[in-house]
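Architecture at a glance
Residues per chain are reported as follows:
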Amino acid sequence: MKSILNYTIILLLLTLVACNSGGDTKESDASQDVFKAPREMGLLASQFTMPNPGDHRVELDNGLVAFVVTGDKASLVTIKAVIGAGYAYDKKGVAQSLKTILQSQPVCDMEAKEFSRYLYDNAFEYSVSQDEEMMTISLNALAEDYDKAMALFARIVIQPCINGQTSRMFKGYAGIPDSEYVKNGSLPKTVELLKQQLYGNHPFNAQVNAGEASAISTSDLKAFHQKYFSTGNMSVAVSGQISADQVKRDLATAFSGVSTAERQLASFDYVTSSKASIGHTTNKLQTWIVIGSLLPEISPEEWPALQVMNYIIGGGHFDTRLYKETRDLRGLTNDDSGFPEWKQTGPGFYTFRTYGRPEVADQLIDLTMTEINKIRDTKVTEEELFVAKGALADGVFQMWFENSHTTSATFAEHWVRYQSFDHLSKYPERVNAVTIDDVQAAAQKYLKPEEMVTLVVASPGQ
Amino acid sequence: MKTNLLMLAFGLISIASLGQSSYDLPIEEHVFDNGLRLLVLERPDDHRVSAKIFTDFGAMVEEPGELGSAHYLEHLMFKGTKTLGTTNWEKEAPLIEKLFELDAQLIAQMNKDRNAIRERAVFHNDEWRGTTPEIEAIRKQIADVDRQINETRDPGAVMRWYQAYGGTGLTATTEQEYMKFDIILPKERVELFLRVEADRMSNTVFRGFDEERMILVEQRYGDLNRLTTPYYEQMNAVVGLVHPVFWPEGYLPDFYQYTRTYEKDFYDRYFVVNNSTIVLIGGIDMATAKPLVEKYFGWMERKPEPMRIKSVEPTPQAERRLIYRSADLAPRVEARFMIPGVGHEDRPVFDVMMEVGKRRLEDNLAKAGISGSVDVNTRVVHTSIFGVPGSINFVLVVPENQVSRAEGILLSTLEELKSAGPTSNELAVAQKRIKAQWERTTLDASRLNFAIGHYQIMDEWGTLGTYLNERAAVDEAAIQQVASTYFIPENRTIGQVIRP
């Protein structure tokens, strides 16, 4: 008996020693059979189907199209207007001036500080965003304050406070160079510097000098508002814990005064850039690097191949080629990713963005260019393609419909762009149709080293 | 294995809710016999599931000289396992073993060379690190072995499959009290989360150790590029005397001291089933989730309970003051007061106090004709809510010549709250804003998931409902009472940022 006990103790000790020596695993290998390769797990296909926009579409008597999507996950309501005109439209600076008014003092019976306090006291989240082609105004409120929110929102959109005082609020946008921004350094500022460089005199350059800003008149602003905040150029999205019937009635009343107009889709010249290197200085501990060029005209049908290609080389996640080469294997940077920005009416903007300690900046540029050339010159693997397609078709696409608020916004934006949902509904199908050859063709068409500008913001010594 | 599964059949199942109130959340709980906790909040209409796994482990277990090592472990846990991240585990395994042997030699050599490598300078380079030829020789051997391992590495593999199967919102976070890994997946593919996270809990392999060390250096540089970082670190150091909740996420010399052995010890002690909580929110129910969790985690054995945090911050005895001179950071004055942790009855009052205080301070600054901005927060390092004492921070950013005057306004405003409390309108605004904040949290499954998991780590998940209900019931008298208790000179730290 004693010998059996001793034997058992020795066996137990040996087992403990085996478990605790070397290696990195905690349990015996017998338990490891649950860890099949993910592609062998038999994971089911996602059954997600895109909500039908027709189920949520409301057309008012004046022709304004709205999307009403209800949802009860939270006692909130969001009202959003998507306007199909941005800062590239019409006279320089007018759209940005209007944005300033909408942000700061959109209604005439409240000064800017009063408006800010009104938002605060009602727990409203209010925002105005704008790019070259689009503008979005959004108001999120507790569902119990829906009436108040709808009334305020309709006033802002239909009768913004455009007058002699508010039209002077916008002083121009001088851009970044030699400003405090560069002194302090940051990746977004570096991207903006490159954007200004690439677009130059093109309307997609957001810079507005003080003279241009002071030349903006009240009538310019009113004309812009009349033209674009109109039935054919705008859509309204309402979502959240609301009664759809109530919202439809309210929209018909509140937005009956919207001006009537056909869609005013602008068209801007496609321009290219030439290879160049540009430096700016900063007094910070890291160096910021942005490499980029402008994109040619790309149809919505062609866009998925570019997205798949970008996902593989630098789609902003942990498994891209750039991330692995610069971060995972070499410890040079926290991030190195690619950002293609598609535009409907003119040249888009494709950048690769990274940053790191000054001594590794050259290496980061070299590795980024090496990967750009590699994806142009060689084919991606079947596994890389599989991962990218799944990420876009089952990941990114589904998140556009994560809840009632994102769904209504997605519908409104697509309606303003296309007056249809063809591109939206076919997105997963088009992503899944991308081939290995398509990826290489996209790389060769959209990644042109001879047109790329490298912009570095570094310490003066560097 | 068989025994474990049988025992799991008798595991505790309870269906609980967060009290009878407007904050009810239909959370189901199952605690497996091995100690793993599973919380499921089904939202039948959701086509996706927010999945997170929380570990009761964070920066508060670190030792001085190794600050940031908890965060570093999170980075290492992205480097793969023996089933993901390598093309040849059989070849890699002995090399990993060799690395740990060399690591032991390195530690022994550093201990032996302690007098040669100890810090002596007062104004030293932040990147200073002591070394000797013997230490460097061992480091070279480690680098050589790492190079061999790189030949069979498959970087990115752990995350690749999340993405391939529609995963979004992939993040990991380490704060003072917790570490979490999270993903949002199509509801049909939740099993992938369990497969990856069970593997991560049991099979993590530390690859690319020294390369990843430099990523922490990069992140530290990123922090230091913000003008506020060194100021906040100084303030935290003055507010707290001993509690590690006030320590920063690592100074540059710390990053060079991390060893595999130290990190492995953390991993072995804390990443065990009985120290973990899985939270699933979305298109999944408990009946579906439970057997899947059993499959991947059920075989794991309960381990010794990880070491608790022993630190207790002593009662503040005197007003403290920091003068921070900076040519670049916007001038400001700040008052910080230590406040209790979640689970203490006074803690919910401070959420209302933040809103009331901000609004009253804005009004009083405006009345005094001082232009400036007001921020009131409970942030300590990166986190705003703790199960241990933290601080409430009232910050006025004002013109350079108004700093002293603004301090007077700040302190007199707090005295007003002590003597008269807030007005009914101030209280109503505060309650509305807090309610809206919570609704915005519940809209987003991932944010709601975080709230539930975080409360479980700080106290227990049921505390969340109590907290929300108590917060909604805070009245003028409660504000006045709490202000009188905590806003006293002995509990106060004043910070001023002025020009040199």
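**A look at the overall build of chain A**
The secondary structure content of chain A amounts to 17 helices and eleven strands. Counting over 462 residues, chain A shows a buried share of 45%. Long-range contacts, defined here as pairs at least 24 residues apart, represent 82% of the contacts in chain A between residues at least 6 apart.

**Thoughts on the overall build of chain B**
Along chain B, the regular secondary structure elements total 18 helices and twelve strands. Over its C-alpha trace chain B gives a radius of gyration of 25 Å, about what one expects of a compact globule, namely 23 Å for 500 residues. A principal-axis box enclosing the C-alpha atoms of chain B has dimensions of 75 × 60 × 35 Å. For chain B, the residues scored as buried account for 49% of the 500 residues in total. Across chain B, contacts joining residues at least 24 apart in sequence account for 82% of those joining residues at least 6 apart.

**A look at the interface of chain A and chain B**
If you look at the interface, chain A gives 55 residues, while chain B gives 62 residues. Every element with two or more residues in the side of chain A that touches chain B is listed here: helix H11 (321-328) and helix H13 (382-399) of chain A. In terms of residues, the side of chain A that touches chain B owes the most to one element, H13 of chain A, which gives nine residues. Taken together, the residues of the side of chain A that touches chain B sort by class into 22 nonpolar, 19 polar and 14 charged.

**Quick look at the packing of H13 of chain A against helix H6 (residues 157-164) of chain B**
Between H13 of chain A and H6 of chain B, whose axes approach to 7 Å, the crossing angle comes to 50°. The angle between H13 of chain A and H6 of chain B falls in the class oblique. Here H13 of chain A contributes Phe386, Val387, Gly390, Ala391 and Gly395 of chain A to the contact with H6 of chain B, which in turn contributes Arg160, Gln163 and Ala164 of chain B.

**Some details on the environment of Arg405 of chain B**
Positionally, Arg405 of chain B belongs in helix H14 (residues 403-420). Each C-alpha atom of the pair Arg405 of chain B and Ala137 of chain B lies 59 Å from the other, and the pair is 268 residues apart in sequence.

**Re the sheet that holds strand S8 (residues 320-325) of chain B**
All names here are of chain B. Strands sit in the order S8-S12-S9-S11-S10 across an open sheet of five strands; the sheet is mixed. Across the chains shown, the open sheet's two edge strands, defined by having one partner strand only, are S8 and strand S10 (373-377). For this sheet, the mean inter-axis angle between neighbouring strands, taken without regard to orientation, is 15°. Looking at chain direction, strand S9 (residues 332-339) and strand S11 (residues 390-397) are connected through eight bridges and run antiparallel. For Ala335, the partnering residue across the bridge sits in S11 and is Phe394. Lying on the sheet, helix H13 (residues 347-367) is in contact with S9, S10 and S11; it crosses S10 at an angle near 170°. In this fold H14 packs onto S9, S11 and strand S12 (492-498), with an angle of close to 35° to the strand it touches most, S9.

**Some thoughts on the pairing of strand S4 (residues 48-55) of chain B**
Residue and element names in this part refer to chain B. Among the eight residues of S4, eight are classified as buried, and the element is accordingly described as predominantly covered. Burial along S4 is two-sided: Arg48, Ser50, Lys52 and Phe54 and Val49, Ala51, Ile53 and Thr55, pointing in opposite directions, are all buried. Bridge count for S4 against strand S6 (residues 179-186) is eight bridges, and the pairing is antiparallel. Along S6, the bridge assignment pairs Lys52 with Asp182. The sheet contact formed by S4 and strand S7 (residues 276-282) spans seven bridges and is antiparallel. The residue bridging Thr55 from the neighbouring strand is Ser276, located in S7.

**Overview of the sheet that holds strand S11 (residues 453-458) of chain A**
Residue and element names in this part refer to chain A. Taken in spatial order, the five strands line up as S7-S11-S8-S10-S9 in an open sheet, and their pairing is mixed. A strand with exactly one partner marks an edge of an open sheet, and here the two such strands are strand S7 (276-281) and strand S9 (336-341). Each neighbouring strand pair of the sheet contributes to a mean axis angle of 15°, computed without reference to strand direction.

**Things to note about helix H16 (residues 445-458) of chain B**
The end-to-end C-alpha separation of H16 of chain B is 20 Å, in line with the 20 Å expected for 14 residues at 1.5 Å each. With 13 of its 14 residues buried, H16 of chain B lies for the most part within the structure.

**Examining the confidence of the model for chain A**
Across chain A, the average pLDDT comes to 91, with 91% of residues at 70 or higher. Counting contacts from residues 1-25 of chain A, a segment whose pLDDT is below 50, to residues more than four positions away or on other chains yields twelve contacts.

**Structural notes on the environment of Glu294 of chain B**
Residues and elements named next belong to chain B. In this structure, Glu294 sits in helix H12 (residues 286-297). Here Glu294 falls in the buried class, since 21 other C-beta atoms lie within 10 Å of it. In the structure, Glu294 is positioned 37 residues away from Pro331 in sequence and 56 Å away in space, judged by C-alpha atoms.

**Concerning the environment of Leu251 of chain A**
Residue and element names in this part refer to chain A. Tracing the backbone shows Leu251 in helix H9 (residues 244-254). Overall, the presence of 20 C-beta atoms within 10 Å leaves Leu251 in the buried class. Distance from Leu251 to Val128, taken between C-alpha atoms, is 20 Å for residues 123 residues apart in sequence. Setting aside its immediate chain neighbours within four residues, Leu251 contacts Val58, Leu60, Ala66 and Val236.

**What about the pairing of strand S5 (residues 135-142) of chain A?**
All names here are of chain A. A large share of S5 lies buried, amounting to six of its eight residues. In this sheet, S5 lies alongside strand S3 (residues 76-83) in antiparallel orientation, the contact comprising eight bridges. Across the sheet, residue Val77 finds its bridge partner in S5, namely Ala141. Direction of pairing for strand S4 (residues 125-130) relative to S5: antiparallel, over a ladder of six bridges. Across the sheet, the residue bridging to Ser127 is Ser138, located in S5.

**Observations regarding the confidence of the model for chain B**
On average, residues of chain B score 93 in pLDDT, and 96% of them reach the 70 mark or higher. Across residues 1-21 of chain B, where pLDDT falls below 50, the model places 42 contacts with residues more than four positions away in sequence or in other chains.

**Some points on unusual backbone geometry**
Residues and elements named next belong to chain A. Non-glycine residue Ala123 carries a positive phi angle of around 60°. Mapped onto the secondary structure, Ala123 falls in the loop between helix H3 (112-121) and S4. The phi angle at Gln419 is positive, at roughly 55°, despite the residue not being glycine. Assignment of secondary structure puts Gln419 in the loop between helix H14 (404-418) and helix H15 (422-425). For Gln419, a count of 14 C-beta atoms within 10 Å corresponds to the partly exposed category.

**A few points about helix H15 (residues 424-443) of chain B**
For H15 of chain B, with 20 residues, the first-to-last C-alpha span of 29 Å sits near the 28 Å given by 1.5 Å per residue. Those residues of H15 of chain B that sit buried are Glu426, Val429, Ala430, Gln431, Arg433, Ile434, Ala436, Trp438, Glu439 and Leu443 of chain B. Against the buried residues of H15 of chain B lie S3, H3, S5 and H14 of chain A together with H13 and helix H17 (463-472) of chain B.

Reading the values: rules and limits
Residues numbered from 1 in each chain as written. Chains lettered and ligands numbered in written order. Predicted model: local features only at pLDDT ≥ 70, side-chain atom pairs only at ≥ 80, totals over all residues. Helix = DSSP H or I, 4+ residues; strand = E, 2+ residues; numbered from the N terminus. Buried ≥ 20, exposed ≤ 12 C-beta atoms within 10 Å, placed from the backbone. Contact = placed C-beta atoms within 7 Å. Rg over C-alpha atoms; globule rule 2.2 N^0.38 Å. Nonpolar A, V, L, I, M, F, W, Y, C, P; charged D, E, K, R; others polar. Axes fitted to C-alpha atoms, helices over the stretch in contact; angles between N-to-C directions. Parallel < 35°, antiparallel > 145°, perpendicular 65-115°, else oblique. Pairing = 2+ DSSP bridges. Expected span 1.5 Å × (residues − 1). pLDDT = per-residue confidence, 0-100.

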